[in-house]
Amino acid sequence: MNSRPSIESVEYGISQRSIKRASCSAVLTLAYQSLGVVYGDLSTSPLYVYKTTFSDKLSLHEDDEEIYGVLSFIFWTLTLVALFKYIFIVMSADDNGEGGTFALYSLLCRHAKLGILPNQQPTDEKLSAYAVEGSDDTMHSSALKLLFEKHAKFRKGLLIFVVLGTCMAIGDGILTPAISVLSAVSGVRLKITGLHENYVIVISSIILVGLFSLQHHGTHRVAFLFAPVVTAWLLCISGIGVYNILRWNPCIFYALSPVYMVKFLRSTGVEGWVSLGGVVLSITGVETMFADLGHFSALSVKIAFSFLVYPSLILAYMGEAAFLSRHHEDIQRSFYKAIPEAVFWPVFLVATFAAVVGSQAVISATFSIISQCCALNCFPRVKIVHTSSEIYGQIYIPEVNWMLMCLCLAVTIGLRDTNMIGHAYGLAVTTVMFVTTCLMAMVMIIVWKKRIITSIAFLVFFGSIELLYISACLFKVPESGWIPLTLSSILMAIMYVWNYGTLKKHQFDVENKVSLDRIVSLGPSLGMVRVPGIGLLYTNLVTGVPAVFGHLVTNLPAFHQVLVLVCIKSVHVPYVSEEERFLIGRVGPKEYGMFRCIVRYGYKDLQQENYDFENRLISEIVQFVEKEERELKLMDRASEELGSSDIEDLHSTLTSQNHEAHTQLHLQAIQMMQSEPGHLESSCLTDESLGILKAKESGVAYILGHSYAKAKKSTSLVKKFAINVLYAFLSKNCRGPDVFLSVPHASLLEVGMVYYV
């Protein structure tokens with residue numbers, strides 16, 4: 001459907017054709033920029049695919065059937081998995097423009113209530129990003145929803161399955177820099193024949209250390225170079241591919257026939273099946289293509305892949321196969337051997353830069369994944385640093401960065417061979433893709449309301465392809481395939497124990513919260529001395545008063561004039577707009593001076609370090625008080641003149657007033673109060689609002705619960721070990737909530753408490 005030109009465009013003489021031209025140019029610009037962020041990993045795969053595939057007992061015969069068979073497998077794997085599955089199908093399952101494993105999981109959680117995040121409220125479903133498909137449930141979608149909603153074990157199983165894919169994706173952040181940089185640097189040995197292998201390892205290690213050491217500076221200063229580097233690389237390998245096809249074997253196009261795949265497996269047997277673990281490396285990076293969807297539009301990513309990346313890779317693989325068909329002895333160094341002598345060094349330099357760019361994209365994606373895991377209570381708290389004030393979402397996590405660097409160096413120095421690293425890499429890649437396939441099959445039923453036969457056909461067709469590659473990669477577990485399995489097992493244990501302990505602590509909070517009736521019975525003073533100032537008490541509860549408050553006032557019977565219960569929680573949407581972030585309400589009668597503030601974040605939202613949270617929060621409370629007072633006056637006045645239905649209409653009109661304007665007004669009031677105390681005495685604000693602003697002048701205190709979880713004596717030994725040992729170790733060594741929430745230390749008050757879970 002054609003879009004209608006705006007009034008402004010007509011007034012300024014902008015035609016519909018120029019609007020379309022502008023939108024086309026914007027899409028093409030995004031497509032160009034996506035090359036540097038999305039396709040760095042995928043485009044460097046030709047460096048090591050053939051080398052890894054022919055690394056074992058698979059030998060080359062004079063009839064070239066093995067070369068033709070491997071090329072046929074590479075072509076159809078790229079076509080079916082990368083092009084058909086991801087570009088044509090999976091890209092359509094975005095979550096408000098976001099892609100990746102968590103995006104699919106978020107879609108399922110919203111449509112079928114599969115999530116295990118605590119503190120979810122009906123009001124969360126009113127968020128603008130929470131919109132669900134409007135069509136009615138089918139018989140199959142209803143049955144599948146009911147199955148998960150009734151059985152908590154299935155929900156936990158789904159979470160573990162998603163965490164498995166996530167852990168394997170984090171493993172990519174370790175293996176991708178190692179194999180990419182080492183493969184690129186190893187090409188120098190062709191020209192410097194006397195260079196020992198140890199020097200290649202040292203050079204690769206220096207590049208990797210430099211890459212990880214520069215992460216804290218961010219990539220925004222050099223990101224403009226990423227797209228030109230990857231574009232130059234793709235043009236180089238496609239051009240060299242065409243050259244090799246024309247020079248060595250113009251008939252290589254025959255290998256695109258799927259018949260050669262059958263011949264390959266028939267003639268090579270077990271050795272050919274095992275070699276498929278190297279073929280799958282040709283699609284490393286396709287999951288990154290989906291995960292990085294939020295940085296670009298789906299159309300731009302599809303255009304970049306379909307018109308440049310895909311044809312360039314196919315030409316590169318065909319050209320290398322053509323070269324191999326005439327040079328069987330160069331199989332372990334075929335990529336660099338196939339480069340014409342005149343352009344070797346320029347291509348070598350571009351290859352090295354492309355490997356660094358591809359590694360950078362995967363490292364940044366790993367930071368983003370860890371941040372999402374923290375938001376969903378699946379990873380211990382870490383310090384998240386924002387490296388760019390202009391580009392949203394560019395983050396750096398110090399602890400994760402140095403751990404990645406150490407593990408990456410250990411893999412590079414320990415294995416010292418791209419073939420060994422490739423065997424480990426293939427298992428991680430195929431597992432993530434299989435997790436995506438299974439989640440997509442569920443999305444088709446629950447979200448898209450497709451027939452179950454369509455979902456099963458998708459799962460069987462693509463799942464069987466990926467299981468074939470997984471089975472080949474599992475054969476390499478004794479050599480190096482154990483690396484991603486070990487890493488993912490450790491990460492899964494950390495994530496599951498942290499999630500389990502966090503949920504148990506929340507359950508303790510719910511069971512031991514102070515009832516509102518008890519608070520009201522204490523009177524406006526709450527049975528203690530109320531001192532000037534504002535107290536922000538952080539809690540995980542969206543209802544009731546937390547037990548830590550009772551523990552505090554029992555030992556210190558004094559509290560601030562204004563008490564705000566602050567709950568910071570995550571919801572199953574990628575982003576929450578600033579207008580919808582805060583929910584303000586009263587706790588008890590007006591004279592008690594108690595409020596509740598619920599601050600909502602999406603799983604990809606970032607809590608800005610320079611975010612003026614304190615003033616924004618108080619502004620929202622003042623706005624709530626003013627709005628409440630205004631409504632009461634108008635409702636009292638209207639009750640004398642209007643009927644009940646008219647009063648309801650008036651109430652709905654009042655509640656839909658401009659949120660942004662009121663927020664800005666009260667932020668200005670707070671700033672004026674700070675610069676000119678006493679100036680607002682004669683303003684239009686109510687007495688309660690003025691009291692809140694005066695209380696802020698006296699100081700704002702942040703009260704955090706420093707809780708320790710201990711297992712009950714009646715729990716099993718396994719749970720005791722999980723809580724008393726593993727969870728306690730993680731809690732002690734992760735970042736504290738004050739760092740995670742960016743709380744000023746000068747105003748911090750921590751309350752110690754033991755949780756028996």
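Residues numbered from 1 in each chain as written. Predicted model: local features only at pLDDT ≥ 70, side-chain atom pairs only at ≥ 80, totals over all residues. Heavy atoms only, no water.

## Some remarks on the overall build of the protein
- If you tally the helices and strands in the protein, you get 28 helices and eight strands.
- Buried positions account for 53% of the 757 residues belonging to the protein.
- In the protein, the share of contacts with a sequence separation of at least 24, taken over all contacts with a separation of at least 6, comes to 83%.
- Roughly 33200 Å² of accessible area belongs to the protein as shown, and the carbon and sulfur atoms make up 62% of that amount. (Helix = DSSP H or I, 4+ residues; strand = E, 2+ residues; numbered from the N terminus. Buried < 20%, exposed > 50% of the residue type's maximum accessible area, 1.4 Å probe, protein only. Contact = heavy atoms within 4.5 Å. Areas by Shrake-Rupley, 256 points an atom, 1.4 Å probe, with all protein chains shown as cover.)

## Observations concerning the pattern of salt bridges
- According to the stated counting rule, one finds 19 salt bridges in the structure shown.
- The salt bridge partner of Lys 191 is Glu 341, with a shortest N-O separation of 2.5 Å. In this pair, Lys 191 is assigned in the loop between helix H8 (152-186) and helix H9 (197-213) and Glu 341 in the loop between helix H15 (334-337) and helix H16 (344-375), connecting sequence segments 150 residues apart.
- Looking at Lys 191, the relative accessible area reads 30%, which means it is partly exposed.
- The shortest N-O distance in the salt bridge between Arg 616 and Glu 578 comes to 3.0 Å. You can see Arg 616 sitting in helix H23 (residues 613-639) and its partner Glu 578 sitting in the loop between strand S4 (558-571) and strand S5 (582-586), a full 38 residues away along the chain.
- On the basis of relative accessibility, which here comes to 30%, the residue Glu 578 falls in the partly exposed class.
- Several salt bridges share partner residues, and in doing so they unite Glu 578, Arg 581, Asp 605, Arg 616 and Glu 620 into one network. (Salt bridge = Lys/Arg side-chain N within 4 Å of Asp/Glu carboxyl O.)

## A word on the pairing of S4
- Here S4 lies mainly inside the structure; eleven of its 14 residues are buried.
- One ladder, built from eight bridges, connects strand S3 (residues 529-538) with S4; its direction is parallel. Across the sheet, Val 529 pairs through a bridge with Ala 558, a residue of S4.
- In terms of strand pairing, S4 meets strand S6 (residues 594-602) through nine bridges, oriented parallel. Bridge pairing in S6 places Leu 563 opposite Met 594. (Pairing = 2+ DSSP bridges.)

## Thoughts on the nonpolar core
- One finds Tyr 39, Tyr 50, Leu 78, Trp 233, Met 289, Phe 305 and Tyr 336 to be the most contacted residues of the largest nonpolar core, which totals 164 residues.
- If one sorts the elements of this core by residue count, helix H18 (residues 418-446) sits on top with 18 residues. (Core = buried A, V, L, I, M, F, W, Y, C linked by side-chain atoms within 4.5 Å.)

## Re the sheet that holds S4
- Read from one edge of the open sheet, six strands run S5-S6-S4-S3-S7-S8, paired in mixed fashion. Only two strands of the sheet have a single partner each, and these edge strands are S5 and strand S8 (748-756). Going across the sheet, the axis of each strand differs from the next one's by a mean of 25 degrees, ignoring polarity.
- The strands touched by helix H20 (residues 477-511) are strand S7 (700-710) and S8; relative to S8, the strand with the most contacts, the crossing angle is about 95 degrees.
- Along the sheet face, helix H26 (residues 687-698) touches S3, S4, S5, S6 and S7 and points at about 85 degrees away from the line of S3. (Axes fitted to C-alpha atoms, helices over the stretch in contact; angles between N-to-C directions.)

## Observations concerning the packing of aromatic side chains
- Counted by the stated rule, this structure contains 26 aromatic pairs.
- With a centroid separation of 5.6 Å and an interplanar angle of 25 degrees, the aromatic rings of Phe 84 and Phe 88 are classed as stacked. One end of the pair, Phe 84, and the other, Phe 88, are both in helix H5 (residues 65-89), four residues apart, so they sit about a helical turn from each other.
- In this structure, Lys 263 packs its charged tip against the face of Tyr 260, placed 5.2 Å from the ring centre. (Phe/Tyr/Trp six-rings, centres within 6.5 Å; stacked < 30°, edge-to-face > 60°. Lys NZ or Arg CZ within 6 Å of the ring centre and 35° of its normal.)

## Description of the state of the cysteines
- If you walk through the whole model with that rule in mind, you get zero disulfides.
- Here Cys 567 is not cross-linked by a disulfide; its sulfur's nearest cysteine counterpart is in Cys 597, at 9.1 Å.
- Given the relative accessible area of 0%, Cys 567 is considered buried. (Disulfide = S-S within 2.5 Å.)

## What to know about the environment of Val 280
- Along the chain, Val 280 falls in the loop between helix H12 (270-279) and helix H13 (286-291).
- For the pair formed by Val 280 and Gly 422, sequence separation is 142 residues and the distance between their alpha carbons is 9.6 Å.
- Excluding residues that lie within four positions of it along the chain, Val 280 makes contacts with Gly 426, Thr 430, Met 433, Tyr 469 and Cys 473.

## Concerning a nonpolar patch on the surface
- Side chains of Ile 452, Ile 453, Ile 456 and Val 460 sit close together on the surface and give an oily, nonpolar patch of about 340 Å² of accessible area.
- Checked against the element boundaries, Ile 456 lands in helix H19 (residues 452-474). (Patch = residues over 30% accessible without salt bridge, like charges linked within 9 Å, V, L, I, M, F, W, Y side chains within 5 Å.)

## Looking at the environment of Gly 544
- Tracing the backbone through its elements, the reader meets Gly 544 in the loop between S3 and helix H22 (547-555).
- The exposure class of Gly 544 is partly exposed, given its relative accessible area of 22%.
- Expressed as a C-alpha distance, the spacing of Gly 544 and Leu 565, which sit 21 residues apart in the sequence, is 9.5 Å.
- Setting aside residues up to four positions removed in sequence, Gly 544 forms contacts with Lys 513, Val 514, Leu 565 and Arg 596.

## Digging into the confidence of the model for the protein
- With 87% of its residues at a pLDDT of 70 or more, the protein has an overall mean of 83.
- Here residues 1-20 is a poorly scored stretch, pLDDT under 50, and it has seven contacts once near neighbours within four places are set aside; other chains count.
- Below a pLDDT of 50 lies the segment residues 672-682, which in the model reaches 16 contacts outside its immediate sequence neighbourhood of four places, other chains included. (pLDDT = per-residue confidence, 0-100.)

## What to know about the side chain of Asp 124
- When you line up the elements, Asp 124 lands in the loop between helix H6 (101-112) and helix H7 (139-150).
- A distance of 2.7 Å separates polar atoms of two side chains, one belonging to Asp 124 and the other to Lys 569.
- Excluding residues within four positions of it along the chain, Asp 124 makes contact with Asn 119, Tyr 130, Lys 569, Val 571 and Arg 600. (Polar contact = N/O pair within 3.5 Å; in protein donor to acceptor, adjacent residues only side chain to side chain.)

## Thoughts on the side chain of Thr 366
- Mapped onto the secondary structure, Thr 366 falls in helix H16.
- When residues no more than four places from it in sequence are discounted, the contact partners of Thr 366 are Ile 170, Gly 173 and Leu 404.

## Observations concerning the packing of helix H10 (residues 226-248) against helix H14 (residues 298-324)
- For the pair H10 and H14, the least separation of the axes is 7 Å and the interaxial angle reads 40 degrees. For the element pair H10 / H14, the angle class is oblique. Relative to H14, H10 is oriented so that their crossing is left-handed. Together, Leu 234, Leu 235, Ile 237, Ser 238, Gly 241, Val 242, Asn 244, Ile 245 and Trp 248 of H10 and Leu 308, Val 309, Ser 312, Leu 313, Leu 315, Ala 316, Met 318, Gly 319, Ala 322 and Phe 323 of H14 make up the contact between the two elements.
- Grouping the constituent residues of the contact of H10 with H14 by class yields 14 nonpolar, five polar and no charged. (Parallel < 35°, antiparallel > 145°, perpendicular 65-115°, else oblique. Left-handed = near helix turned anticlockwise from the far one by under 90°. Nonpolar A, V, L, I, M, F, W, Y, C, P; charged D, E, K, R; others polar.)

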